[in-house]
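Structure assessment
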Amino acid sequence: MKQILFATVCTLAAMSVGMVATGKSDTVPAEVFDLSEWNITVPVDTNKDKKPDTVTVKKLKKYAHPDFFYLDENGGMVFAAPNKAATTANSSNTRSELRHMLRGTNTKFKTSGPKNNFAVEARKGSDEFARIGGRLDATLKVDHVAKRAGDASTKAAYSAVVGQIHAVKYDKTSSGFGYGNEPIKIYYKKFPGHEMGSVFWNYERNLAKDDPNRTDISYAIFGNNWSNSDDPGDQGIAIGEEFSYTINVYKNMMSLTFSNERLGTKTFTKSLVSQHDAYGEIDPLDNKYSYGGDSLYFKAGIYNQCSTKKGGGNWYAGCPGTGDWATDKANGDYAQATFSKLTVGPATPVE
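Keep in mind that what you see is a predicted model, and the values were worked out from it rather than measured.

Moving on to the state of the cysteines. Here the structure, examined in full by the defined rule, presents 1 disulfide. Put simply, Cys-306 and Cys-319 are joined by a disulfide, and their sulfur atoms are 1.8 Å apart. Every disulfide takes its handedness from the sign of the S-S torsion; for Cys-306 and Cys-319 that torsion is -70 degrees, giving left-handed. With a gap of 13 residues between them, Cys-306 in the loop between strand 16 (296–304) and strand 17 (310–312) and Cys-319 in the loop between strand 18 (316–317) and helix 3 (325–331) connect regions that are remote in the sequence. In terms of burial, Cys-306 and Cys-319 fall into one category: buried.

What follows deals with the pairing of strand 15 (residues 264–271). Two strands pair when backbone bridges link them, and strand 14 (residues 253–260) and strand 15 are joined in this way by 8 bridges, in the antiparallel orientation. Bridging from a neighbouring strand, Leu-256 pairs with Phe-268 of strand 15. Counted along the chain from strand 14 to the antiparallel partner strand 15, the turn is 3 residues long.

Let us now look at the sheet that holds strand 8 (residues 134–144). Within the open sheet, the 7 strands sit side by side as 3-4-19-8-13-14-15. Their pairing is antiparallel. Every interior strand has two partners, whereas the edge strands, strand 3 (69–71) and strand 15, have only one. Taken pair by pair, the neighbouring strands of this sheet meet at an average axis angle of 25 degrees, ignoring direction.

Pairs of aromatic rings are described using the distance from one ring centre to the other and the angle between the two planes. Applying the stated criterion to the full structure yields 16 aromatic pairs. Residues Trp-325 and Tyr-334 carry aromatic rings whose centres are separated by 5.3 Å and whose planes lie at 80 degrees to one another, so their mutual orientation is edge-to-face. The same class applies to Trp-325 as to Tyr-334, namely buried. Through pairs of rings, three or more aromatic residues link up here, namely Trp-201, Tyr-219, Phe-258, Phe-268 and Tyr-279. The residue whose ring lies beneath Lys-24 is Tyr-70, and the NZ or CZ to ring-centre distance is 4.5 Å. The positively charged end of Arg-99 is found above the aromatic ring belonging to Tyr-297, 3.5 Å away from the centroid.

All right, on to the pattern of salt bridges then. Using the criterion set out here, one finds 10 salt bridges in the structure. Arg-135 serves as the salt-bridge partner of Asp-137, at 2.7 Å between the closest nitrogen and oxygen. Under the relative-accessibility criterion, Asp-137 is labelled buried at 7%. When the shortest N-O distance is used, the salt bridge between Asp-216 and Lys-185 registers 2.9 Å. A residue pair is termed long-range when its members are at least 10 positions apart, and Asp-216 in strand 12 (residues 216–222) and Lys-185 in strand 10 (residues 184–189) qualify at 31 residues. Take Asp-216 and Lys-185: they sit in the same class, and that class is buried. Beyond isolated ion pairs, a larger network of salt bridges with shared partners links Arg-95, Glu-97 and Lys-299.

So, on to the nonpolar core. Val-162, Trp-201, Tyr-245, Ile-247 and Phe-339 are the most contacted members of the largest nonpolar core, which totals 63 residues. For this core, the leading source of residues is strand 19 (residues 334–345), giving 6 residues. If we ignore the near neighbours within four places in the chain, the residues touching Tyr-245 are Leu-136, Asp-137, Ala-138, Leu-140, Val-162, Gly-163, Ile-186, Thr-257, Phe-258, Ala-300 and Phe-339. Core analysis: the next-biggest nonpolar cluster, separate from the first, contains 8 residues, Ala-157, Phe-191, Cys-306 and Cys-319 among them.

Side chains of Lys-58, Lys-59, Lys-61 and Lys-62 sit close together on the surface and give a patch of like positive charge. Following the sequence through the fold, Lys-61 ends up in the loop between helix 2 (57–60) and strand 3. On the basis of relative accessible area, Lys-61 is assigned to the partly exposed category, the value being 49%.

How each quantity is defined
- Residues numbered from 1 in each chain as written.
- Predicted model: local features only at pLDDT ≥ 70, side-chain atom pairs only at ≥ 80, totals over all residues.
- Heavy atoms only, no water.
- Disulfide = S-S within 2.5 Å.
- Helix = DSSP H or I, 4+ residues; strand = E, 2+ residues; numbered from the N terminus.
- Buried < 20%, exposed > 50% of the residue type's maximum accessible area, 1.4 Å probe, protein only.
- Pairing = 2+ DSSP bridges.
- Axes fitted to C-alpha atoms, helices over the stretch in contact; angles between N-to-C directions.
- Phe/Tyr/Trp six-rings, centres within 6.5 Å; stacked < 30°, edge-to-face > 60°.
- Lys NZ or Arg CZ within 6 Å of the ring centre and 35° of its normal.
- Salt bridge = Lys/Arg side-chain N within 4 Å of Asp/Glu carboxyl O.
- Core = buried A, V, L, I, M, F, W, Y, C linked by side-chain atoms within 4.5 Å.
- Contact = heavy atoms within 4.5 Å.
- Patch = residues over 30% accessible without salt bridge, like charges linked within 9 Å, V, L, I, M, F, W, Y side chains within 5 Å.
- Areas by Shrake-Rupley, 256 points an atom, 1.4 Å probe, with all protein chains shown as cover.
- Lys, Arg positive; Asp, Glu negative; His and termini not counted.
- Charge placed at Lys NZ, Arg CZ, Asp CG, Glu CD.

Printed below as a string of structure tokens:
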């Protein structure tokens with residue numbers, strides 16, 4: 001497994017020219033973390049093409065952004081995203097988020113092609129993919145989630161995604177796959193009046209966008225799931241409190257491990273080739289073969305779920321934002337997380 005190790009303060013000090021007054025390191029993240037198989041999307045539009053900038057694997061080696069992607073004074077990799085900024089074509093949410101690129105810098109392989117993504121073992125043509133399954137490990141703390149929402153009842157309000165598996169969107173979906181959904185999104189959500197927040201993960205039924213059954217099934221980890229607005233109390237995770245996650249897709253099974261020093265370890269398993277949910281029960285409304293025919297990839301960072309778009313439901317909380325970072329940060333209209341560890345590599349056998 002590629003190691004993307006958290007540097008000690010001594011090592012960082014030796015690497016860095018010095019620290020700036022803001023508590024940020026002069027060192028770029030790729031000098032401390034192995035980002036040789038990642039690109040990043042950041043919530044800025046420097047070329048004015050009305051899309052967020054994506055920094056390639058090659059350019060990421062020397063890249064940092066002073067507001068949205070940098071190392072802090074302890075060597076942590078910081079990701080931040082305001083409520084209002086450039087968003088990708090299929091989302092109304094901003095992000096500062098890494099996308100795993102199994103091709104590395106070899107751009108002769110297409111981003112959405114099999115040589116840049118992984119598949120489950122049972123997928124037709126799985127031997128053509130760069131990898132069967134894969135494993136992502138992270139340790140992080142959420143520093144902030146947006147404090148204001150126009151519609152607080154919206155499930156995504158006050159939350160951010162800090163890790164996920166995403167499926168590639170196909171031009172044709174006649175196979176029953178390629179909808180571009182997510183078999184896992186790891187959330188942190190904290191209501192403004194609560195001392196603690198909740199960590200939960202969602203599985204999206206792998207169905208077409210216009211299918212009314214295409215929705216997220218939410219599983220509580222530390223605290224509540226996204227359907228429960230109660231205060232999680234001491235069973236939740238505080239802002240600034242570290243926790244870890246492992247997403248391990250081995251053969252056809254997704255195994256999940258979540259750990260926190262105070263609350264211990266929670267585990268889940270979910271088949272990615274059947275309608276069995278994470279409790280082992282059949283979900284007759286899901287895709288019969290789950291994500292068994294999809295092309296998959298990991299993402300990690302901060303994906304702010306406090307959309308400025310209005311409309312309620314699960315997603316459109318109508319969160320305020322001006323588009324000016326200094327103003328939005330002062331108003332608490334942003335999300336931020338700091339990673340102290342991020343590793344990615346082949347799947348490991350499940351006992």
